[in-house]
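Given next are the chains, with one letter for each unit.
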Amino acid sequence: MGTLRLWHVSAGGTRALMLGPLAVDEASRKLGVGAALIGHALAIARQRGHGAVILLGDAPYYARFGFTTEKTGELRLPGPFERDRLLGLELREGALDAAWGMIAASGALPKTKAPRASRMLRPVPHAA
């Protein structure tokens, strides 16, 4: 139905997660699958103690989850990108205060195991 990936990244020494890609099968769109995946991913990130999540995406869609451009103005990505699409969400207040420079994969490994997805996600009811 859908997939979402979180990557460990560094921005000027600030550790964060990069969200993306998020993809939902065309037949499952408009059913809340993307929102459920994002909600689940953010809950696990908080549970694991991560401070922030960064992404490149549509601000109107991601704003409902709390993502903004407020603290991403000093961040860069390799290659061209639209600055107003670089969004951040602090899971811990102040986590992006010192974030600056090029966002680069850090290759960090998770410290703990995430709860099994089958226990966290519930099926999305299909509209008849």
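In the block above lies the structure referred to throughout.
A. Expanded view of the packing of aromatic side chains. All told, the structure shown has 3 aromatic pairs when counted by the stated rule. Both rings, one in Tyr62 and one in Phe67, keep their centres 5.9 Å apart while their planes meet at 80°; by these two values the pair is edge-to-face. We note that Tyr62, like Phe67, is buried. Over the ring of Trp7 we find Arg5; its NZ or CZ atom is 3.8 Å from the centre of that ring.

B. Region of the structure containing the layout of surface pockets. Reported here for the largest pocket is a volume of approximately 370 Å³. Every residue lining the largest pocket is counted, 22 residues in all, and those nearest its centre are Leu22, Val24, Gly34, Tyr61 and Tyr62. Among the secondary structure elements, those contributing two or more residues to the lining of the largest pocket are β2 (14-24), α1 (33-47), β3 (52-56) and α2 (59-62). If you tally residues by element for the lining of the largest pocket, the top one is β2, at 6 residues. Of the residues in the lining of the largest pocket, the class split is 12 nonpolar, 5 polar and 5 charged.

C. Broad picture of the pattern of salt bridges. Tallying each qualifying case throughout the model produces 3 salt bridges. Across the pair Asp58 and Arg85 runs a salt bridge, and its minimum N-O distance is 2.3 Å. Note that Asp58 is positioned in the loop between β3 and α2 and Arg85 in the loop between β4 (75-76) and β5 (86-90), a separation of 27 residues in sequence. The residue Glu90 makes a salt bridge to Lys71 at a minimum N-O spacing of 2.9 Å. Here Glu90, found in strand β5, pairs with Lys71, found in the loop between α2 and β4; they are 19 residues apart in sequence, far enough to count as distant. The partly exposed category is assigned to Glu90, whose relative accessible area is 24%. The exposure class assigned to Lys71 is partly exposed, which follows from its relative accessible area of 26%. Taken together, the shared-partner salt bridges connect Lys71, Glu90 and Asp97 into one network.

D. Examining the environment of His40 more closely. Of note, His40 is situated in helix α1. Judged by relative accessible area, which is 17%, His40 ranks as buried. Distance from His40 to Leu4, taken between C-alpha atoms, is 9.9 Å for residues 36 residues apart in sequence.

E. Inspection of the pairing of strand β6 (residues 101-105) at higher detail. In this sheet, β6 lies alongside strand β1 (residues 2-11) in antiparallel orientation, the contact comprising 3 bridges. Bridging across to β6, Ser10 finds its partner in Ala104. Inspection of the sheet shows β4 paired to β6 by 2 bridges, in the parallel sense. Looking at the pairing, Arg76 lines up with Met102 of β6.

F. Examining unusual backbone geometry more closely. The omega torsion of the bond from Gly20 to Pro21 falls at 5°, within 30 degrees of zero and hence cis. One non-glycine residue with positive phi stands out, namely Lys30, at about 70°. Overall, Lys30 belongs to the exposed group, its relative accessible area being 85%.

What counts as what
Residues numbered from 1 in each chain as written. Predicted model: local features only at pLDDT ≥ 70, side-chain atom pairs only at ≥ 80, totals over all residues. Heavy atoms only, no water. Phe/Tyr/Trp six-rings, centres within 6.5 Å; stacked < 30°, edge-to-face > 60°. Buried < 20%, exposed > 50% of the residue type's maximum accessible area, 1.4 Å probe, protein only. Lys NZ or Arg CZ within 6 Å of the ring centre and 35° of its normal. 1 Å grid on protein atoms, 1.4 Å probe; cavity = no way out; pocket = protein on both sides within 12 Å on 5 of 7 lines; lining within 4 Å. Points joined across faces, edges and corners; volume = space filled by probe spheres on them. Helix = DSSP H or I, 4+ residues; strand = E, 2+ residues; numbered from the N terminus. Nonpolar A, V, L, I, M, F, W, Y, C, P; charged D, E, K, R; others polar. Salt bridge = Lys/Arg side-chain N within 4 Å of Asp/Glu carboxyl O. Pairing = 2+ DSSP bridges.

These values are about where atoms sit, not about what they do.
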